[in-house]
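Below, each chain spelled out in residue letters.
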Amino acid sequence: MNASPDHSTRAARPAREDTRPEPEPFGPGTLLWDRAGDVRLLLSLPAAFVLQVAHPAVGAGVDEHSVFRTDPWGRAHRSLESLQLWIYGGQRAVEEGRRLRTVHRRIGGTDSHGRSYHALTPANYAWVHATAYPVFLTSARYLSRPLDDGEERRLYDELLRLGDILGIRRRDMPATPEEYWPYFDRMVREELENTVVLRELLDPRRPVPPPDGSGALVRRLWPLVHPPLARLHVFVTTGLLPPVARDRLGLAWTARDERRMRRLGAVVRTVVPLLPERLRFLPVACEARRAARAGLPPPRT
């Protein structure tokens, strides 16, 4: 789950690459293969993005270099396709990881506190990746089923493997779930803040155009349907944040909100498993799963 901006407006000296063994692509039998392509990911990704941009360096990078304001749908599509390749792309996952690091080499600047930052500074790059773990667990509790202790450990191990693909050094990530939670609590307490980008993302009045390629009917109805959809988006995003992060960022969440979120989760848990595979899984994941069952390599989309 990555808050990587799409374009750079200034050059910065890249962080030096260290040599690593060739990462191992994912395949059937892993938790990420089973879950990361589920359409429910679309509900949980924004919460991870909010955690990412709450870090001043990451928020500044997105603020200065991303096209999330001018091309929100295009940026979302590219980010989602990239993320799906990490899990379902086979050898292309490794290629995509290299491409992302190349893009990030150009991203740097000064944050709102006047401190210089670079996207590939190990602590910054690791934090972007580390946000996946708590959001994945929170989303599972609401939208599918809670992971047991063994599955939580498997998930964390797989996220470390995914970090290998993305070029994140093991020494820059907590090695175990037991080490992760003190790290997460410290990051929330000492680093996170309500950044400009975070406030924009959680503002239901933020202007967003109709999805790219929308027909005439959607464009006509968009002024009517966008406000309730935006409020739902902000509600779900806030609800899927870990409570400690909500408190730190000053985001209101009432007992009534919690009851509404649990009801929504019950609907999602009931409906999504009934969908056919082509609707339950995102396109890249669906094609990769079909290819795997046929004993074929992942298709090149």
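Look a little higher up for the structure.
Residues numbered from 1 in each chain as written. Predicted model: local features only at pLDDT ≥ 70, side-chain atom pairs only at ≥ 80, totals over all residues. Heavy atoms only, no water.

Engineer: Would you mind showing me how to read the pattern of salt bridges here?
Structural biologist: Side chains that differ in charge, positive against negative, can pair when their charged atoms come close. Inspection of every chain in the model, using the stated rule, returns 21 salt bridges. We note a salt bridge from R78 to D71, for which the minimum N-O separation is 3.3 Å. According to the relative accessible area criterion, D71 is partly exposed, its value standing at 25%. A salt bridge links E277 to R293; the shortest N-O distance between them is 2.8 Å. In this pair, E277 sits in helix α14 (residues 277-280) while R293 sits in helix α15 (residues 283-293), placing the two residues 16 residues apart along the sequence. Relative accessible area serves as the criterion here: at 22%, E277 is assigned to the partly exposed category. (Salt bridge = Lys/Arg side-chain N within 4 Å of Asp/Glu carboxyl O. Buried < 20%, exposed > 50% of the residue type's maximum accessible area, 1.4 Å probe, protein only. Helix = DSSP H or I, 4+ residues; strand = E, 2+ residues; numbered from the N terminus.)

Engineer: Looking at this structure, I do not really get helix α8 (residues 149-166). What am I missing?
Structural biologist: Given 3.6 residues per turn, any residue in an α-helix points the same way as the ones three and four places further on. Relative to the 26 Å expected for 18 residues at 1.5 Å per residue, α8 spans 26 Å between its end C-alpha atoms, a close match to the ideal helical length. Taken residue by residue, α8 has E151, L155, Y156, E158, L159, L160, L162, G163, I165 and L166 as its buried positions. The secondary structure elements touched by the buried residues of α8 are α1 (31-35), α4 (72-88), α5 (91-104), α6 (122-130), α7 (132-143) and α9 (177-190). The N-cap residue of α8 is D148: its side-chain oxygen and the backbone nitrogen of G150 are 3.1 Å apart. Directly after α8, the chain includes G167, whose backbone phi takes a positive value near 85°. (Expected span 1.5 Å × (residues − 1). Contact = heavy atoms within 4.5 Å. Polar contact = N/O pair within 3.5 Å; in protein donor to acceptor, adjacent residues only side chain to side chain.)

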